[in-house]
Every structure is written in structure tokens, then in C-alpha cells.
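Spelled out, the chains give:
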Amino acid sequence: EKKSFRVALLLSYLVLVAAGKGARTIQQWENTSQIPTYQQFKKTIMMEDGDIYDCIDVNLQPAFNHPLLKDHTIQEAGMKYFDDLYGVQATINVYEPKVKKDSGDLSQTGIQIDNGPKGHMDSINACYSVSPSFYGDTFARFHVGWRDGVQNKSCIDHDCPGFVQVSHNVGLGGRVKPVSVYNGPQYVIHILIFKDPKTHNCWLAYGKDKTPVGYWPSSLFTSLKDKGNFSYTGGHASGPTASSDSPQIGSGHFASEGYGKAAFIKDIQIIDNNNKLVTPNEEKAISGSSDLRKYTIGNYGVDDHGVHMYYGGPGNFV
């Protein structure tokens, strides 16, 4: 019997205006993470597949419980970029890589932006990931995350106050559908993270039409308050056995297999200090893998739309 999952969504006039018609790549939303306690639910909706959504006013979401907002073991395969930047965008090919159910591991692909000293680094990210130990299933799900380097605290989605959601069209922790099929149809998601030059808040936009999903208030951070100085775009696996018994990344196949078989990321661009999307400086970018026996990068290059590459591999699934 299918379980019914309850997830908090946002409902207000402002949210409906901001949402627009886009961001429909995510066709089904589910969430099994811990549910925050809200004082006032506006509406409860049951979807066709049995999922339950509690809709709340945008001003009652958990972000506004944050004390700063009262007045308002890793395997890598991807591209690292070392320079001042104010945002990153990418088009990401979506698969559901295999991750062993009880391993505690996860496999994810997305965008990460950092700044700060070692051990106290601020960070934000948006990605799709597969984490059976956390969610109890092997579906690709869409997530946002951040790290406060000063307090040494990390969070995902709405599990703690921080990220302010403004769109009801994209459910954080929701399932991404459809996903790509090896040697079959290929599907992508479009992610853009950018700094608002006036407020310095970091915004997340989703889909071809760049629908605003929400933002990380600048007051959450210290080093990342004004800009990032490092970004990572690609896949990674982490967890207790990520090094010894590694999960798949991407499609689970090596980059050399090419289109339709290896996962790809394309249209990678950064936002410079003029608030413009530009192609990354190749001299400041490094592509590679932490273990070429498990994951590879291939066909790395630059065109008019930015950087593109194939990436991923089977890990220990051979």
C-alpha cells in the first residue's frame, strides 16, 4: 500500500504571483523528511497519487523562525571553479543512480557555491539526489542546502529555518519526474543560483523560464554574504561507505559512453561582478574525478552556451 506523505507548501497571493507557469519539470512532489510544526495551515491538498500537502502562508514558513531573520568522505566528478562569482547556472541531465539501501550513502548532482576559511566555510547548493537511507526509496529528489560556517551548522530544505520559499510550483524534497533512461529518452533540469545585487540575498531559480523558487537571506552567512569564491558543478557521492563501497554517480556509466548513456551537464555559466552570465575562465576551472576507476569526466569543453561535459560512473556497482 502506498504511503501518504505530508509536505509543507506555501500559499499566499504573493506566492501565486511569483510562481508563474513554469517549473513543471517536477511533476510529482513527495517528502518524507521531518515535518515542521506550523501554527496555521491554510489548506490541505491530497494529490492524485495520495501525497498530502499542507499549504501555509508564506510569512509563516520556518525560515522566519531563524534568530537572524526576526526582522526579515566525498568522491567528486565535476568542475571546480576558483574565482569571485555571484552565481552559477547549469542544465543537468537527471538520472536515478543506484545507491545501496542501508548504506547511509547518497549520490547527488548539482551546483554548490562556497566562500570562507577552511573549517568555517559558508556554502549553498541546489541539486537532485538519491538517498535511500534518508527517504526510504530510490527516487531522484530535488533539494536545496546551506552551511553556516561560523556556527558550523548545515541544513537541507525546510528541516530548519533559513531558506525562504516563494514558489508553490517546486516542492523541496519532491520527486523529480521524468528521469532519463539509459540508451533511451533524456531529461534535464535547469538550475540558476544568483546574488541580488541590492539585498545580497542568494536566489534560486528553476526551469527554462527561470522561475524563482526562493532565496537564502544574506544574514545567514558571514563569508558568503557578498559573493562566492569557489563553485562546484557536478556529481558527488558521500556517506559511511562512499569510498569503500561507492554508489553510482549520474547514469552509473562512464563519460566515454557519450550521449544517451553517460550523464551530462551543459550550459555551465557563472555570474560575474557586472551581474552578467559569462562563460567560466578556463584557466580558473579544474575538471576531474577523485577516482578514475569509479567515475570519469569526458568531452569537457566550451561553446557559446558555456561549459559542457559528460560525467559519472558505476562506483562499485560493476
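Residues numbered from 1 in each chain as written. Predicted model: local features only at pLDDT ≥ 70, side-chain atom pairs only at ≥ 80, totals over all residues. Heavy atoms only, no water.

Per an unreviewed UniProt entry, the chain is named Neprosin PEP catalytic domain-containing protein, and its organism is Aegilops tauschii subsp. strangulata.

## Side note on the pattern of salt bridges
Applying the stated rule across the entire model yields 6 salt bridges. With its nearest N and O atoms 2.8 Å apart, the salt bridge here joins K227 to D84. Of this pair, K227 sits in the loop between β13 (211–216) and β14 (228–238) while D84 sits in strand β4 (residues 74–85), and the two are 143 residues apart along the sequence. Judged by its relative accessible area of 26%, K227 falls in the partly exposed class. (Salt bridge = Lys/Arg side-chain N within 4 Å of Asp/Glu carboxyl O. Helix = DSSP H or I, 4+ residues; strand = E, 2+ residues; numbered from the N terminus. Buried < 20%, exposed > 50% of the residue type's maximum accessible area, 1.4 Å probe, protein only.)

## Focus: the packing of aromatic side chains
Within this structure, the stated rule accounts for 7 aromatic pairs. Between F264 and Y310, the aromatic rings sit 6.4 Å apart at their centres with planes inclined by 85°, giving edge-to-face as the arrangement. Highlighted residues: F264 in strand β15 (residues 263–271) and Y310 in strand β19 (residues 306–312), separated in sequence by 46 residues. When its relative accessible area of 14% is taken as the criterion, Y310 is described as buried. By way of ring pairs, the aromatic residues Y259, F264 and Y310 are connected into one cluster. The ring of Y135 is capped by R141, whose NZ or CZ atom sits 4.8 Å from the centre of that ring. A cation sits over an aromatic face here: R175 above F139, 3.4 Å from the ring centre. (Phe/Tyr/Trp six-rings, centres within 6.5 Å; stacked < 30°, edge-to-face > 60°. Lys NZ or Arg CZ within 6 Å of the ring centre and 35° of its normal.)

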